[in-house]
Structure formats: structure tokens, C-alpha cells
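Examining the three-dimensional arrangement
Residue strings, one per chain:
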Amino acid sequence: MRFDGETVFITGGGSGIGRETAMRCAEEGADVVVADVDREAVEETTDAIGEAGGKASSYELDVRDAEALAEAIDTTAEEGGIDVLVNNAGISHPRSDMEDVDIEVRDRVIDINTKGVWNGCRAAIPHLKDQGSGAIVNTASLAGLIGMPGGAAYSLSKGAVVNFTRAIAAELGSHGVRANAVCPGVVETPLVTDDRDPEEWPDLRDRMAEAYPLGRLGRPEDVANAVRFLASEEAAWITGHALVVDGGYSCA
Ligand code: NAD
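Cut-offs used in this document
- Residues numbered from 1 in each chain as written.
- Predicted model: local features only at pLDDT ≥ 70, side-chain atom pairs only at ≥ 80, totals over all residues.
- Heavy atoms only, no water.
- Buried < 20%, exposed > 50% of the residue type's maximum accessible area, 1.4 Å probe, protein only.
- Helix = DSSP H or I, 4+ residues; strand = E, 2+ residues; numbered from the N terminus.
- Pairing = 2+ DSSP bridges.
- Right-handed = clockwise from strand over helix to strand, strands pointing away.
- Near = heavy atom within 4 Å.
- Polar contact = N/O pair within 3.5 Å; in protein donor to acceptor, adjacent residues only side chain to side chain.
- Areas by Shrake-Rupley, 256 points an atom, 1.4 Å probe, with all protein chains shown as cover.
- Nonpolar A, V, L, I, M, F, W, Y, C, P; charged D, E, K, R; others polar.

Turning our eyes to something else, we now look at the pairing of strand 6 (residues 177-184). Of all eight residues making up strand 6, eight are buried, and the element is well covered by its neighbours. Residues of strand 6 alternate between two faces, with Val177, Ala179, Ala181 and Cys183 on one and Arg178, Asn180, Val182 and Pro184 on the opposite face, all of them buried. In this sheet, strand 6 lies alongside strand 5 (residues 134-139) in parallel orientation, the contact comprising six bridges. In the strand pairing of strand 6, Gly134 is matched with Val177. For the segment spanning strand 5, helix 5 (residues 152-172) and strand 6, crossover handedness is right-handed.

Take a look at the structure:
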């Protein structure tokens, strides 16, 4: 088992990629701690892990609240140690030209997607350094590597996550701690489907899938498997990497 006796702390674990990552790490023996702003959702994740025979606990918190996140991470570290931090909580925003983006929307996206990652790392890094081991995986996006028309604020937030990850990887290597990012293409989760008309979505999804050499959009497990790999000892000599998980979209 890849995470036997280890503790994995995941933000945004109440849905989509985060929930699937939590489930898959628990399957590999991890004691999973899931943090999410949505209490019901996070409890659904921990219940599902429990029903599958795994171990999980939860925090209801907003990653913008640096103090609450630090308290949860400190408690986790004190109780059983923290081996892996997955900074996954994130939001999108309605598509629009850059000059039409409301400042409030821009700030909310940066506060959650970028500063939320900072807050998680700020809290966990002292513990990881002290123990001289551990791994951080930040959920960035393909939009952090290539231009995404209509997604300027999202791209701004995710590009920052990619390069922040490289910076901390360089700082942490000598402490035995790794940091990597995943950069998914479009994955079918509530983040993508919530603001779409459910009747139109299947057709739209099929049209979007045509841009993907592998012929489909991503599934949460596609990304969760990549996160789990980067978090595990199998990736022992990989740090500062931004792993593209996009069904070939960016190479076509
Ligand atoms: P999702 O909406 O299914 O899940 C996101 C989770 O984060 C939700 O449970 C939500 O409650 C939680 N969350 C949102 N804001 C929060 C906050 N302030 N504090 C704590 N929790 C919060 O979305 P997803 O697609 O699974 O997205 C997960 C990550 O993957 C995000 O960072 C997203 O930007 C990234 N991503 C998604 C896609 C995609 O196409 N779905 C592509 C690239 C990157």
C-alpha cells in the first residue's frame, strides 16, 4: 500500500477531483483528512471512505481563512503527522473578455485558487521540514500553462500556482520535501457542469471532446491517479514538475 501509516491532507475534497483523490489515497492505506467549505459535501466524502473501509476525518473551512487552515493542519500534524498536502480547492468564473472581468471576481479567484494554496503550504511546510520528508501536490490547470481565452483571472491564478510550486520545490528539496503541480485539461466535475444547461451539456461535451486526441474530456480519476502518483514514493525523484493531464489537448 502506497500510503500505509501516512496522513494525507486534501483541500476541496468534497467534490470532483479532490473527492476522488481522497478516495484513492484512502484505498492505498492513507489516513485522509479532507477540508472543504461545504460541510455536507465533505461529510459525504468521509462517509464514502468509511464505507469503503478507509480512514478519514474532515474540517469545514475556507482556504482563504489562513488561521483556520493552519489550525486544521497543525492539529493534523500533532495528532498523527502530515505526510502529504494536496492543495486542490479551487473555483472557476464565468467566461468573459479580460476587460469585462469584475474586480471582485478576479480577487475571489485569486484569493481561493492562489492564496489558498499559499495558506496551505505556509501551514504545512514547517511540519514537513521538521520531519525531513513529505510531498505537496498543488492542483493548477492547463490554463496555468497555455492561454485560455475568456479565462484571464483563472489563468492568472493557476499560472501563479505553477511557478509558486517550482519556487517551493527549489526551497524544500534539501529538506527532503517535494512539491509538484498537476495541470488538468477540462474534467467533467461540478466546476465545469454547474453553470451549463443540463440538457445541452451532453452535446457540448461531445463537441469539446473533439479537441482531445484521446477523444473525451477528463474524469476525476484521471487527475486523482496523477496526484496520487506525485504524492507517493514512486515519484521520489520528481519535484518542481507541472504534470499535464489533458488527454493530449495541448499537443494537438
Ligand atoms: P469541484 O467544484 O468539483 O470541487 C471543488 C471543491 O473545492 C468543492 O468541494 C468546493 O466546495 C471546494 N471549495 C471551493 N472553494 C473553496 C474554499 N474557498 N475553501 C475550501 N474549499 C473550497 O471542482 P474540481 O473540478 O474537482 O476542481 C478541483 C481543482 O481542480 C480546482 O483547483 C480546479 O481549479 C482544478 N481544475 C479543474 C479542472 C476541471 O476541468 N474540472 C481543470 C483544471 C483544474
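All right, on to the site of the ligand then. Taken together, 29 residues sit near the ligand, with Ser15, Asp36, Tyr154, Val187 and Thr189 positioned nearest. One of the backbone nitrogen or oxygen atoms of Val37 is found 3.3 Å away from a nitrogen atom of the ligand. Coverage of the ligand by the protein amounts to 92% of the 820 Å² it exposes when considered alone. Contributions of two or more residues to the shell around the ligand are made by helix 1 (16-27), helix 5 and helix 6 (190-193). A per-element tally of the shell around the ligand places helix 6 first, with three residues. Looking at side-chain class alone, the shell around the ligand contains 15 nonpolar, 10 polar and four charged residues.

These values are about where atoms sit, not about what they do.
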